[in-house]
Amino acid sequence: MSSEFSRLIMGVWRIGDWAMRPAEVADLIEACLDLGIDTFDLADIYNGYQCEAMFGAALATRPALKPRLKLISKCGIALVTPARPQHRVKHYNTSRAHIIASAEHSLQAIGVEQLDLLLIHRPDPLMDADEVAEAFAALKQAGKVKAFGVSNFLPHQFELLQSRLAEPLVANQIEISLLHTAPLFDGSLDLAQRQRTMPQAWSPLGGGRLSSTPAESALGRVLQRLGDELHATPEQLAIAWLLRHPARIHPVVGSGKLQRIRELVAAQNLALDRQQWFELLEAAMGREMP
Ligand SMILES: NC(=O)c1ccc[n+]([C@@H]2O[C@H](COP(=O)([O-])OP(=O)(O)OC[C@H]3O[C@@H](n4cnc5c(N)ncnc54)[C@H](OP(=O)(O)O)[C@@H]3O)[C@@H](O)[C@H]2O)c1
């Protein structure tokens, strides 16, 4: 399944910061396709529930792009915002009705007939796995969603939902980076590798914080030295570090700047050896391996 999605995924969470007209967003989408990034990550709630409509407005200026794209969206978080006056408190909603309505709204906002992947955005303490299974089956049956996954699920939460589904979950989108190494040790990547599901790494550059790593810190020093050795930027090393993991992590990158995206794509040609990988891990954790 993972081969159906490009190894790097373009995250659209920050579209509101890009300050681009729809045609400029279309240019960026097309440039990503030319770079081999065909998968785009959205969510109902991004940019105050406006992200999908903005992405859809971009596609409306260049509809020929639509069949070339793999689209991911998410549902299940309910924000308190003027766009949703009925929400009194931030909460999660994985009811059958909400999942179906949210996916249908995503399709309408983006202006497409089918999502390639729908993720439950966060584990919901009130999640009834049988009800989620019913929603997934109905969306699949109607041809509205091709495949399903989750986001921010721990292994036991993933396994609970999986136990009630007719088809395998194909992805878990979680935070993984040199600045967030927990999934290497909490079972998330072990489960992904065991089940051959696709781990997607959100904020693979720590949401931009990696770029301001102090040069004198342990991580800053290793990034500098390996960067000199391998002729790579810190951001390229951070992506190459994720790609080196055998669970086949798919980084979800978030820059809106084409030059930076191009640089990250080039990191796919950067092969870290085992010791370089551990040097980065050790520096990131601030301690030696036991
Ligand atoms: N499932 C979830 O719960 C969840 C949570 C958060 C995010 N996500 C997904 O993950 C995607 C990526 O998250 P993210 O935006 O935090 O990812 P990121 O790639 O870690 O960070 C991107 C940010 O770093 C900045 N940046 C600074 N220097 C950079 C450089 N040299 N190269 C690249 N970027 C640089 C970018 O600014 P410029 O735009 O100015 O380059 C942008 O603001 C989101 O769009 C969303 O789709 C999912």
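Refer to the structure presented above.
Every chain is numbered independently, its residues counted from 1 as its sequence is written. Selection of residues for local features in this predicted model requires a pLDDT of at least 70, selection of side-chain atom pairs for listing and counting requires 80 or more, and totals for whole chains, interfaces and linings are taken over all residues. Side-chain figures throughout are based on the complete set of non-hydrogen atoms in the structure, without hydrogens or water.

## A closer look at the pattern of salt bridges
Turning to step 1, where the next piece is worked out: For this document, the term salt bridge refers to a Lys or Arg side-chain nitrogen within 4 Å of an Asp or Glu carboxyl oxygen. Evaluated as defined, the whole model comprises 13 salt bridges.
Turning to step 2, where the next piece is worked out: The residue Glu 104 makes a salt bridge to Lys 144 at a minimum N-O spacing of 2.7 Å. Of the two residues, Glu 104 is situated in helix α5 (residues 96-110) and Lys 144 in the loop between α6 (129-141) and β7 (145-151); the sequence distance between them amounts to 40 residues.
Turning to step 3, where the next piece is worked out: Under the scheme applied here, a residue whose accessible area is under 20% of the maximum for its type counts as buried, over 50% as exposed, and between as partly exposed, the area being computed with a 1.4 Å probe on protein chains only. The exposure class assigned to Lys 144 is partly exposed, which follows from its relative accessible area of 25%.
Turning to step 4, where the next piece is worked out: Glu 167 is the partner of Lys 140 in a salt bridge, and the nearest nitrogen-oxygen pair spans 3.4 Å. Here Lys 140 is found in helix α6, whereas its partner Glu 167 is found in the loop between α7 (155-163) and β8 (171-175), with 27 residues between them in sequence.
Turning to step 5, where the next piece is worked out: We classify Lys 140 as partly exposed; its relative accessible area is 33%.
Turning to step 6, where the next piece is worked out: Among the residues examined, Glu 167 registers a relative accessible area of 42% and is labelled partly exposed. The helix and strand labels rest on DSSP assignments: H or I over at least four residues marks a helix, E over at least two residues marks a strand, and numbering proceeds from the N terminus.

## Examining the packing of helix α4 (residues 51-61) against α5
Turning to step 1, where the next piece is worked out: Fitted lines through C-alpha atoms give the axes, limited to the stretch in contact for helices. The angle between two N-to-C directions lies from 0 to 180 degrees. Packing of α4 against α5 brings their axes to within 7 Å, and their N-to-C directions diverge by 35 degrees. Contact residues: Glu 52, Ala 53, Phe 55, Gly 56 and Leu 59 in α4; His 105, Ser 106, Ala 109 and Ile 110 in α5. Every residue pair with non-hydrogen atoms within 4.5 Å of one another is taken to be in contact.

## Some points on the state of the cysteines
Turning to step 1, where the next piece is worked out: Here, two cysteine sulfur atoms that lie within 2.5 Å of each other are counted as a disulfide. Enumeration according to the criterion identifies 0 disulfides in this entry.
Turning to step 2, where the next piece is worked out: Summary of cysteine pairing: Cys 32 is not part of a disulfide, and the nearest cysteine sulfur, belonging to Cys 51, is at 14 Å.
Turning to step 3, where the next piece is worked out: Under the relative-accessibility criterion, Cys 32 is labelled buried at 0%.

## Examining the site of the ligand
Turning to step 1, where the next piece is worked out: Neighbouring residues are identified by heavy atoms, a residue being near a molecule or strand if any of them is within 4 Å of it. Residues in close proximity to the ligand total 27 residues, the closest being Arg 14, Asp 41, Ser 203, Ser 255 and Lys 257.
Turning to step 2, where the next piece is worked out: What qualifies as a polar contact is a pair of N or O atoms within 3.5 Å, subject to a donor-acceptor requirement within protein and to the restriction that residues adjacent in sequence count only when both atoms come from side chains. Residue Val 12 places a main-chain N or O atom 3.3 Å away from an oxygen atom belonging to the ligand.
Turning to step 3, where the next piece is worked out: In isolation the ligand exposes 910 Å². Once the protein is present, 89% of that is buried.
Turning to step 4, where the next piece is worked out: Here the term cavity refers to a set of points on a 1 Å grid, laid over the protein atoms alone, in which a 1.4 Å probe fits but cannot get out; the term pocket refers to an open set having protein on both sides within 12 Å along at least five of seven lines, with lining residues being those that place an atom within 4 Å of a point. Put plainly, a molecule is in a cavity or pocket when over half of its atoms are within 2 Å of the grid points there. More than half of the atoms of the ligand fall within 2 Å of the grid points belonging to the largest pocket. Reported accessibility uses the Shrake-Rupley method at a 1.4 Å probe radius. Residues are deemed covered only where the shown protein chains occlude them.

## Looking at empty space enclosed by the protein
Any space left empty among the atoms is revealed by the rolling of a water-sized probe across them.
Turning to step 1, where the next piece is worked out: Grid points are joined across faces, edges and corners, and a volume is the space filled by probe spheres set on the points. Considering all chains together, one arrives at 2 cavities of 30 Å³ or more under this definition.
Turning to step 2, where the next piece is worked out: Computed from the structure, the largest cavity encloses a volume of approximately 90 Å³.
Turning to step 3, where the next piece is worked out: Taken together, 13 residues form the lining of the largest cavity, with Phe 158, Asn 172, Ser 188, Ala 192 and Thr 197 sitting closest to its centre.
Turning to step 4, where the next piece is worked out: Around the second largest cavity, the lining residues are Met 10, Val 12, Trp 18, Val 25, Leu 28, Ile 29, Cys 32, Phe 40 and Phe 55.
Turning to step 5, where the next piece is worked out: Of the residues forming the lining of the second largest cavity, the biggest block, 4 residues, is contributed by helix α2 (residues 22-34).
Turning to step 6, where the next piece is worked out: Amino acids outside the nonpolar list (Ala, Val, Leu, Ile, Met, Phe, Trp, Tyr, Cys, Pro) and the charged list (Asp, Glu, Lys, Arg) are all regarded as polar, and Gly is one of them. For the lining of the second largest cavity, the per-class residue count stands at 9 nonpolar, no polar and no charged.

## Focus on the environment of Ala 240
Turning to step 1, where the next piece is worked out: For Ala 240, the location among the structural elements is in helix α10 (residues 234-243).
Turning to step 2, where the next piece is worked out: Those residues in contact with Ala 240, other than ones at most four positions away along the chain, are Ala 267, Leu 270 and Leu 272.

## Some points on α5
Turning to step 1, where the next piece is worked out: Given a helix with a known number of residues, its expected span is that number minus one, times 1.5 Å. Over its 15 residues, α5 extends 21 Å from the first C-alpha to the last, a length consistent with the 21 Å expected when each residue adds 1.5 Å.
Turning to step 2, where the next piece is worked out: When we look at burial in α5, the residues that qualify are Ile 99, Ile 100, Ser 102, Ala 103, Ser 106, Leu 107, Ala 109 and Ile 110.
Turning to step 3, where the next piece is worked out: Elements in contact with the buried residues of α5: α4, β3 (70-75), β6 (115-120), α6 and β7.

## A look at unusual backbone geometry
Turning to step 1, where the next piece is worked out: A positive phi angle, close to 50 degrees, is found at Ala 19, a residue other than glycine.
Turning to step 2, where the next piece is worked out: Tracing the chain through its elements places Ala 19 in the loop between α1 (15-18) and α2.
Turning to step 3, where the next piece is worked out: For His 231, which is not a glycine, the phi torsion comes out positive at approximately 55 degrees.
Turning to step 4, where the next piece is worked out: Within the element layout of this structure, His 231 appears in the loop between α9 (218-230) and α10.
Turning to step 5, where the next piece is worked out: Under the relative-accessibility criterion, His 231 is labelled exposed at 73%.

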